[in-house]
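# Coordinates in review
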Amino acid sequence: MRRTVIIVYFFGSLLLIGVYGLIWSSIVQNPADAVNRDFLSFAIADYVIERHGYLDLYDIGLQSSAMTAIVEGPILLEGSLLPFVHPPFLMPVMVLFINEDPFGSFLRWTLATLMLLIPCIWLSHQFLKQKNIAEPWWILIPLFLLAPLHINLFQGQDLIFLLFGLLVFVWGVDQDNDLIGGMGLSLTTISPHLAVLFAIPLFFSNRKLFAWFCAFAAILVSFSLFLIGFDGLADFLNIIRVTAAAEGSSYGVNKVEMFNLIGLSLRLWPTMPIHLVTTITWSGYALAILLLCRLHAKTAHKKSSLLLTVSLSINVALFFAPHLHAHSLLPLWIVFLIWGMNRVQIKKSSSQQVGLWVLLASLAMVPIFVPVVPLSWIGVFVVLIICAVLTLQQLNFK
């Protein structure tokens, strides 16, 4: 049995490496494609900052002009802009890697995020080692090959900072260090809609950690406000409003391509009325907050269930988040890490078997790299559902 697992593990790893290698080969052979990726929004932000400063960062007109200059062509249709909508506190770091060369900037930023993966892997290794998990590298290698991670790299996204924050948060929870946990969780404000789902339920299970989160998040908010000012804040709220209300492919929203409740609903009912889309999106979001608050309140005094509660919370948050594309599935790293650790501890699986299951999950998600393939999205939703069910089983077992 062990030999079979190792053989399948080996070939699964090679297959994923091959897929990622082909994609990188395509990127290198077509440098101009860098301006068609998510990284374009960061290049737009840098362009505005360099010429107008942080105060005008979220001016839609200036962002549109920046995109026109970068892609060397006019934006013909309203809503074709790929806007920068992330909070600004990471931009002082990002501008160090971005210049007039989009592709060179893209490669430098990718290298920087790869370097950030080193502490992510180290924290994951320390977590498994502390739990006396034998041969943790059997689990760490599949985590490094996780499909959403490589989508982040291909797209030039910044959510590896969010992953790092979640790992610090998990470390703090496990070590009963609320300060460290709150500090790590504050980094998730890079995606505010996810941070709300992660943080609010903590009020019902660990108010001290929640307070530290609020304190560190307030520091990031204050720094952001220092950068963009109150007028910039008004522009930020306006660009959030415009993109939240966007339909179709406007402003790069593409709700039908999301991997959340609304994405699944639109795939099953493509002609869904706009008002119903909005109702499902925000009703699901509110429901998720209520469910997670209930879950945290129920498990607040069960120390053995804390990590599993965090894992299930992340899983639920991903499905009910109002805006979630493939790169935002990166927090599944935490779900697999905690599930795998528990699976080995209760002696239901070996490290090799857990690693194999993580590899198979990534292979199930690989079809999203080729969206023209019919039903390429099914694998992601199957993985999300199975992860939730397995984690819930472990939580009930505890």
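Summarised in this report is the structure supplied together with it. (Residues numbered from 1 in each chain as written. Predicted model: local features only at pLDDT ≥ 70, side-chain atom pairs only at ≥ 80, totals over all residues. Heavy atoms only, no water.)

### Thoughts on the overall build of the protein
Cut-off, in case you're wondering: A run of H or I in DSSP becomes a helix once it reaches four residues, and a run of E becomes a strand once it reaches two; helices and strands are each numbered from the N terminus. Throughout, radius of gyration means the C-alpha value; the globule benchmark is 2.2 Å times the number of residues raised to the power 0.38. The accessible surface values rely on the Shrake-Rupley method and a 1.4 Å probe; as for residues, cover is taken only from the protein chains in view. His is not counted here, nor are the chain ends, while Lys and Arg score as positive and Asp and Glu score as negative. Working definition for charges: the position is that of NZ of Lys, CZ of Arg, CG of Asp or CD of Glu.
Helix and strand counts for the protein stand at 17 helices and 0 strands. The C-alpha atoms of the protein give a radius of gyration of 21 Å, which matches the 21 Å a tight globule of 398 residues would have. Projected onto its principal axes, the C-alpha positions of the protein cover 60 × 45 × 45 Å. Put simply, the protein shows about 17,800 Å² of open surface, and 68% of that area lies on carbon and sulfur atoms. Computed over 20 positive and 19 negative side-chain charges, the separation of the two mean positions in the protein equals 23 Å.

### Thoughts on helix H5 (residues 102–130)
Rule in force here: For a helix, the expected span equals 1.5 Å multiplied by the number of residues minus one.
Here H5 contains 29 residues, and its C-alpha end-to-end distance of 42 Å stays within 8% of the 42 Å for a straight helix at 1.5 Å per residue. Taken from the residues just after H5, asparagine 132 is the one with a positive phi, measuring 60°.

### Here's the deal with the nonpolar core
Across soluble globular proteins, nonpolar side chains have a tendency to be buried as a group. Operational definition: The term nonpolar core refers to a set of buried residues drawn from Ala, Val, Leu, Ile, Met, Phe, Trp, Tyr and Cys, joined through side-chain atoms within 4.5 Å. The rule is simple: take the accessible area with a 1.4 Å probe, protein chains only, and divide by the maximum for that residue type; under 20% is buried, over 50% is exposed, in between is partly exposed. Contact between two residues is taken to exist if any of their heavy atoms lie within 4.5 Å; hydrogens are not considered.
One finds Phe169, Phe259, Leu332, Trp333, Ile334 and Phe336 to be the most contacted residues of the largest nonpolar core, which totals 134 residues. Apart from the residues within four sequence positions on either side, tryptophan 333 is in contact with Leu117, Cys120, Ile121, Ser124, Leu143, Phe144, Leu146, Leu149, Leu163 and Leu167.

### Considerations on the side chain of aspartate 158
Rules: Polar contacts, as used here, are pairs of N or O atoms within 3.5 Å; protein pairs need one atom able to donate a hydrogen and one able to accept it. Residues neighboring in sequence count only if both atoms are side-chain atoms.
Take aspartate 158: it is sitting in the loop between helix H7 (147–155) and helix H8 (160–174). In terms of polar contacts, aspartate 158 uses its side chain to reach the side chain of histidine 86, at 3.0 Å.

### Some points on helix H6 (residues 137–144)
What counts, and what does not: Within this analysis, the arc is defined by the directions that extend from the helix axis to the C-beta atoms.
Buried residues of H6: Ile139, Leu140, Pro142 and Leu143, and no others. Summarising the axial view, the buried residues of H6 lie within an arc of 165°, below the 170-degree limit, and thus occupy one face. On the buried face of H6, the contacting elements are helix H1 (2–29), H5, H7, helix H15 (332–345) and helix H16 (351–365).

### Structural notes on the packing of H1 against H5
Stated formally: Lines fitted to C-alpha atoms define the axes, with helix axes restricted to the stretch in contact, and inter-axis angles between N-to-C directions lie between 0 and 180 degrees. Basically, the charged four are Asp, Glu, Lys and Arg, the nonpolar ten are Ala, Val, Leu, Ile, Met, Phe, Trp, Tyr, Cys and Pro, and anything else, Gly included, counts as polar.
One way to put it is that H1 packs onto H5 with a least axis distance of 11 Å and a crossing angle of 145°. In this structure, H1 contributes Trp24, Ile27 and Val28 to the contact, and H5 contributes Phe103, Phe106 and Thr110. Grouping the amino acids of the contact of H1 with H5 by side-chain chemistry returns 5 nonpolar, 1 polar and no charged.

### Remarks on the pattern of salt bridges
The criterion, for reference: The salt bridge definition used is simple: a Lys or Arg side-chain nitrogen within 4 Å of an Asp or Glu carboxyl oxygen.
Under the definition given, this model contains 2 salt bridges. The salt bridge partner of glutamate 100 is arginine 51, with a shortest N-O separation of 2.8 Å. Placement of the pair is glutamate 100 in the loop between helix H4 (91–94) and H5 and arginine 51 in helix H2 (residues 39–52), with a sequence separation of 49 residues. Judged by its relative accessible area of 60%, glutamate 100 falls in the exposed class. The shortest N-O distance in the salt bridge between aspartate 174 and lysine 131 comes to 2.6 Å. One end of the pair, aspartate 174, is in helix H8; the other, lysine 131, is in the loop between H5 and H6, and 43 residues separate them in sequence.

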